[in-house]
Every structure is written in C-alpha cells, then in structure tokens.
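# Residue-level structural notes
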Amino acid sequence: MGNIMTSLWTAVSGFTVSQNAINTTAHNLANIDTDGSTRQQVIIQDFHYNKIGQSTYSSMQTGLGAATQVVRQVRDEFYDKQYRTESGRLSFYDAQKQAILEIEDIMGELENSPFQESIQKLWNNIQELVKSPDDKTARASLAKNAEAFIQRAETIYKQLEQYQVNMNQQINDKVTQINGLGEKIAQLNEQITKVESGGVERANDLRDKRNLYIDQLSKLIDVKATEEFDGSVTIMAENVQFVTGTSSYSMSTVRVADGSDMVKPVWDHIKTDVFDMTREPSYEAGTNLGSLKGLIWARGNSSANYTNIPQKGDFATDADYQAAIDKYNLEIDSSVIRTTQAQFDTLIHGIVTAVNDILSPNVEAELADGTKIQILSPNAPMGMDGDKTQGTELFSRKSTSRYDKDSVIYMKNTGTAENPVYEECAETDAGAFRAYKYNEEDPSDKYTLYSLGEIEINKDILADYSKIPLSQSGGTGDFAYNGVAKALADIWNQPFSTLNPNVLKVNTFNEYYTAIWGDLATKGEKYIASAENQQIMVDNISTARQNVMGISSDEELANMIKYQHAYNAAARYFNVVDSMLEHLVTRL
C-alpha cells in the first residue's frame, strides 16, 4: 500500500512540474511584445530516491517523482555588458553628431545663406574703393556692408553661445533621468531581495524590469553593474558608487563657475564633479560612453574666442607653446562648439584688425622710462572730411577706445624718414608731435578685445563716411590716390593664419573660412561614421542578445505542446495507479 501511495505522489509531482512549465510558457507568450522581457525556462530535477536494498547490479532505488529546481531567466551576462557598453558609446557619438548638425544650421551653409557671402560683399566694396576712393557712395556702401558683416558675425556667434546655454536643459533632463533610474533600481533591489530571501522563488519579472532600467541608464552614463549574493545589484557610475542595495545616490547640476551661464553635474554625496574634464574621452580608455558626457564635451564649459588658439609668437619658449597646444587640444579641440567659436572669432578678429591696422596704423615708440608702447603713426591715412581726420578705425571696440586720448604724450622722430625712431620728448622740442597711445588688447579682459560681442562699426564713420581715412598723410590731399584702398584689397590675398596649432598650412581669409568648414565637415564625418558603425555594432549585439533572451512564439508553442503531453502522461499514470489502488481496496 505504501508503494501505491508513493506512486500517487509521483504522479502528482508530474502534474505540478508540468503545470508550472505550462504556466511559465504561457507567461512567455503573454510577454512576447513586452519591452525588456526575458525568456523564462523551467528547470526540472528528480525530487528524491528511496533506497530499497543493496545489490552490485542495481542501485536498488525507487524515484519519488520530479520537482521544479528553478524558473530561470535565459540571459547571457557577456552580451548584457557588451550591449550596455556599446549603447553608451553610440549615445556619446550621437550627442557629438547632433551638435555638429546644429552648428551647420547656425552657420547657414545648409540654407543657401552662407556667411561667406558677407565676406565677399565686404571684399567687393573694397574693390570698388580701389577704383574710386573718393566716391562717397562707395564709402557709404563699405560702412554699411562692414556693419552687416559684423552684425551677421555677431548673430552667428550669439547663436552658438545660446546653443551652449540651451544644452543646459538637455543636461538637466538627463541628470533627472539618471537620478530617477537610480531610485527605481534601488526600489527593485528591495523588492527582489524580499521575494528571493526565502530561497524558493526568483523574482524574474522584477529582474527584467531592473535590467531594462540598467540598459536605459547605460545610454546616459558609463555604468558597471554587479549582482550581489542577495540578488541586489550594485551600480558604479563613472567609477563612483551610484546604487548599492536599497540606496541610490543622486547628482545635481551647478554652475561651472561664478557668473557662468553653463551648468555641470556633480555628485551630491561626495561634492565632486561627475566627469573628469582633465582627460579627453577616448575609445582606448573606454571613457567615451554616455550621452550626458557627449553633451558636455560637445558644449565645453565656456564660450571660446580667438585668444584660445595659441600663436607661436606669443610664447617665449617652445615648451610654453607646446603646453598651450596641449591645453588647446584638451579644452578647445575636443569640443565641436568651442572649436567653431574660436576659429570663427579668429577669422573675424583677423579681418577687423587687418583693416584697422591699415586705416589706423600703429608704430612702436619709447617712453622716457624706456617702456615700449604703440602709438598712432604720424603718417597715418587721413579722411576727406574738413579736418583731415587721421587714424579713424573702421571697427571699434564697444568698451575700449582705440587710443588713450586723455594722456598727453609728445614724441619726436630721432631716426630718419625711412627708418623712424620715436622717442618721448618735451612739447617744445623741435619736431615734437602729440602722440596717442594705443590701448592694447588684454586676453584677461574681454572688454579690451577685438572679439565678437565687443565689435561695432565706428560711430564717427557712420555719422560721416568721409572720415574713412583713404588718403596718405602728408600728401596733396588728392583723394584719387588709392594706395590705402589697394593695401586694403591686398590683405585678402596675404597669408593670415593656420586653422589651429596642429596644422602647418597658412591660409588667407577666404581659405581660412573654407578650412573652418573643412574641419567641421571632417569632424562631422568622423562622428557620423562612428555613430553609424556603432549603430551596426549595437544592432548586431542586440540581435545576438535577443537570440538568447528573446521569446520565440514558435518555440514557446512547441514547449506548450510538450508540457501538455507531459501533463497528460502524468494524468494517465495517476489513473493507472488509482485503478490499482481501487482494485486492491475492493478486493480485500
């Protein structure tokens, strides 16, 4: 009788495991379109064996049926890690790509209104002045087109700055998403550990949801997830503890610096920056991960101008120049927006100062104490106004005048007419003339720079176009003399500057503008190609990952039939044992 009852239990165990398998298969089918759902699989094991004797030819055991060992998730940890890493890298390159596309729109090259048209109009006006330097209409046209040139340049530069500031909202949104995902993962950790603490059940659906959140998190920031013995997951974000057990740590945004309009993410619990901005992201170091980092590196931490591109002549030693290049490569060249700002401002600064230096040239002079200064050349061109005004610059600084006209300094030429040497002297000395000290540009004070945001057309010229100085000082006053206008025209064909300290080709103004676009296009192609290649890689990994964890309706329906047959077999076995038991009971 005991063996009969044991047989009944064996049949019941078959019911139980088959029903569990059928339920699991049905669950898989029901979640076939659920985002993040993982295929679940029932692992069946022998329940127990009774020893009924001893024999060298037989184990002398009888089985007591089957049992469910575990309902496991079918996942591959290697594919999970690889997918998260490559998804983060794809998001990083996408952020860079979007920044370049936005810059192209701002510059106007894709809307048939390139900035180069403004440069060309300014050049055309100068050509007209070469033909007729005394033509007031040509002078007025020069002033107006110069004003339009600066206004267009200012608009582009301000839009680049505004785009940088607008990226703050994207950064804030991503920080909010990261914090929210961290909280959700910590909550799921708590739920999973409660369910699995008894060692009987696995919280597979909760694990699916947690894995989905980790996948989403990996697209925003570099993460490394490690499962602990209790089923919870510990997450490191940018090598800082982000989620541990049931707790998550948050980040927030603060201003990059006092007075800055830009923000950066910082960890609230350790009060440090989330990202190390002293190391440029790279594939080799595995630091080019996450859209948040991509946004910040594309934006940079401040706007840039021409002073951010080092010029070799500004440094005393090669070592100092190389240090400046290294800083440029880290802080400017790594940011597509700052690179464009610096290069564009360099072009405008070059054109503006080249024009001003012809219309209002400076010469070196020596003060009584031996100090070297720049003064307005006594041979500077003059205007055709009644006062024959000398040295009127076309482009002015909004906050700083070109010359310090409040200081009274007198100079005389102690050299020759061909090789003048100007030294400070008394007002009564023979040959003495009133000198005006040039207010030098100071890189530490943006208000002294001929830089976008601080440039305007000289108000005196806008009020009286005849003050544009196109006649040589000391001449007859014959304004048909076009030497100054020719000098203005010549600067467009003269070598201007290399695009950046990493290249050797020296460009003219037009070539420089073309080089800006070439550099932007090269970077665009680089990031677009990287994003496309990365997308292919992510798709391939995702496909391989889904082949393991994905739910196949055909496979699940086959499993459903198989487990249904197993259930029916257990039922027939139960009926046989039940009949045997009934026969024994009724016959006794």
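The rules we used
Residues numbered from 1 in each chain as written. Predicted model: local features only at pLDDT ≥ 70, side-chain atom pairs only at ≥ 80, totals over all residues. Heavy atoms only, no water. Helix = DSSP H or I, 4+ residues; strand = E, 2+ residues; numbered from the N terminus. Contact = heavy atoms within 4.5 Å. Areas by Shrake-Rupley, 256 points an atom, 1.4 Å probe, with all protein chains shown as cover. Lys, Arg positive; Asp, Glu negative; His and termini not counted. Charge placed at Lys NZ, Arg CZ, Asp CG, Glu CD. Salt bridge = Lys/Arg side-chain N within 4 Å of Asp/Glu carboxyl O. Buried < 20%, exposed > 50% of the residue type's maximum accessible area, 1.4 Å probe, protein only. Expected span 1.5 Å × (residues − 1). Polar contact = N/O pair within 3.5 Å; in protein donor to acceptor, adjacent residues only side chain to side chain. Core = buried A, V, L, I, M, F, W, Y, C linked by side-chain atoms within 4.5 Å. Pairing = 2+ DSSP bridges. Axes fitted to C-alpha atoms, helices over the stretch in contact; angles between N-to-C directions. Patch = residues over 30% accessible without salt bridge, like charges linked within 9 Å, V, L, I, M, F, W, Y side chains within 5 Å. Parallel < 35°, antiparallel > 145°, perpendicular 65-115°, else oblique. Left-handed = near helix turned anticlockwise from the far one by under 90°. Nonpolar A, V, L, I, M, F, W, Y, C, P; charged D, E, K, R; others polar. Phe/Tyr/Trp six-rings, centres within 6.5 Å; stacked < 30°, edge-to-face > 60°.

### With respect to the overall build of the protein
- Assigned secondary structure in the protein consists of 12 helices and 19 strands.
- Judged by the C-alpha coordinates and their principal axes, the protein covers about 150 × 50 × 40 Å.
- If you take every contact in the protein between residues at least 6 apart in sequence, the share linking residues at least 24 apart comes to 68%.
- For the protein, the accessible area works out to roughly 29,300 Å², and carbon and sulfur atoms hold 48% of it.
- Positive and negative side-chain charges of the protein, numbering 53 and 81 respectively, have mean locations separated by a distance of 5 Å.

### Topic: the pattern of salt bridges
- With the rule as written, the count across this model stands at 24 salt bridges.
- Ionic pairing is found between Lys81 and Glu77, a salt bridge with its closest N-O pair at 3.5 Å. Of this pair, Lys81 and Glu77 both sit in helix α2 (residues 77-107), 4 residues apart, which is roughly one turn of the helix.
- Since its relative accessible area comes to 55%, Glu77 is described here as exposed.
- One salt bridge in this structure joins Lys505 and Glu511, with 3.6 Å as the shortest N-O distance.

### So, the environment of Thr155
- Summarising the element assignment, Thr155 is placed in helix α4 (residues 136-196).
- Along the primary structure Thr155 and Met107 are separated by 48 residues, whereas in three dimensions their C-alpha atoms are 9.5 Å apart.

### Details of α2
- With 31 residues, α2 ought to run about 45 Å at 1.5 Å a step, and its terminal C-alpha atoms sit 46 Å apart, in line with that.
- Measuring from the side-chain oxygen of the N-cap residue of α2 to the backbone nitrogen of Phe78 gives 2.9 Å; that N-cap residue is Asp76.

### Some details on the environment of Pro378
- For Pro378, the position within the fold is in the loop between β12 (372-376) and β13 (395-397).
- Pro378 sits in the partly exposed class, given a relative accessible area of 25%.
- Once the C-alpha coordinates of Pro378 and Val363 are considered, the two residues, 15 residues apart in sequence, prove to be 8.7 Å apart.

### Quick word on the nonpolar core
- Counting 106 residues, the largest nonpolar core has Phe115, Phe149, Leu217, Ile221, Ile235, Ile348 and Phe395 as the members making the most contacts within it.
- When near neighbours in sequence (up to four residues on either side) are disregarded, Ile235 contacts Ile185, Ile214, Leu217, Val223, Lys224, Ala225, Val240, Gln241, Phe242 and Val243.
- If you look at the next biggest cluster of nonpolar residues, it comprises 9 residues, including Ala365, Ile373, Ile409 and Tyr422.

### Considerations on the sheet that holds strand β6 (residues 233-237)
- Pairing is antiparallel in the open sheet, where 4 strands are placed in the order β5-β6-β7-β8. One side of each edge strand has no neighbouring strand; the edge strands of this open sheet are β5 (223-227) and β8 (247-248).
- Sheet topology places β5 next to β6; 5 bridges connect them, and they run antiparallel. Looking across to β6, one finds that Val223 is bridged to Ala237.
- Lying over the sheet, helix α5 (residues 204-220) contacts β5, β6 and β7 (240-244), oriented at roughly 160° with respect to β5.

### A few points about the pairing of β7
- Alignment of β6 against β7, held across 3 bridges, turns out to be antiparallel. The partner of Met236 across the bridge, within β7, is Gln241.
- Between β6 and β7, which follow one another and run antiparallel, lie 2 residues, and Glu238 among them has a positive phi close to 50°.
- Sheet topology note: the β7/β8 ladder contains 2 bridges and is antiparallel.

### A look at a nonpolar patch on the surface
- Taken together, Trp9, Val12 and Phe47 make up a surface patch of nonpolar side chains, about 280 Å² in accessible area.
- Looking at where Val12 falls in the secondary structure, it is placed in helix α1 (residues 2-30).

### Some details on the packing of α4 against helix α6 (residues 291-299)
- Axis separation between α4 and α6 bottoms out at 10 Å; the angle between their running directions is 160°. Accordingly, the angle class assigned to the pair α4 and α6 is roughly antiparallel. The way α4 lies across α6 gives a crossing that is left-handed. Every residue of α6 that contacts α4 at Gln164, Met167, Asn168, Gln170, Ile171, Lys174, Val175 and Ile178 is listed here: Ser291, Leu292, Leu295, Ile296, Ala298 and Arg299.
- In the contact of α4 with α6, the residues fall into 8 nonpolar, 4 polar and 2 charged.

### Here's the deal with the packing of aromatic side chains
- The final tally for this structure, using the stated rule, is 16 aromatic pairs.
- Both rings, one in Phe115 and one in Tyr513, keep their centres 5.9 Å apart while their planes meet at 45°; by these two values the pair is tilted. Of the two residues, Phe115 is situated in the loop between α2 and α3 (116-131) and Tyr513 in helix α11 (residues 509-549); the sequence distance between them amounts to 398 residues.
- What makes Phe115 buried here is its relative accessible area of 0%.
- By relative accessible area, which is 1% here, Tyr513 ends up buried.
- These aromatic residues form a ring-pair network of at least three members: Trp123, Trp492, Phe496, Phe509 and Tyr512.

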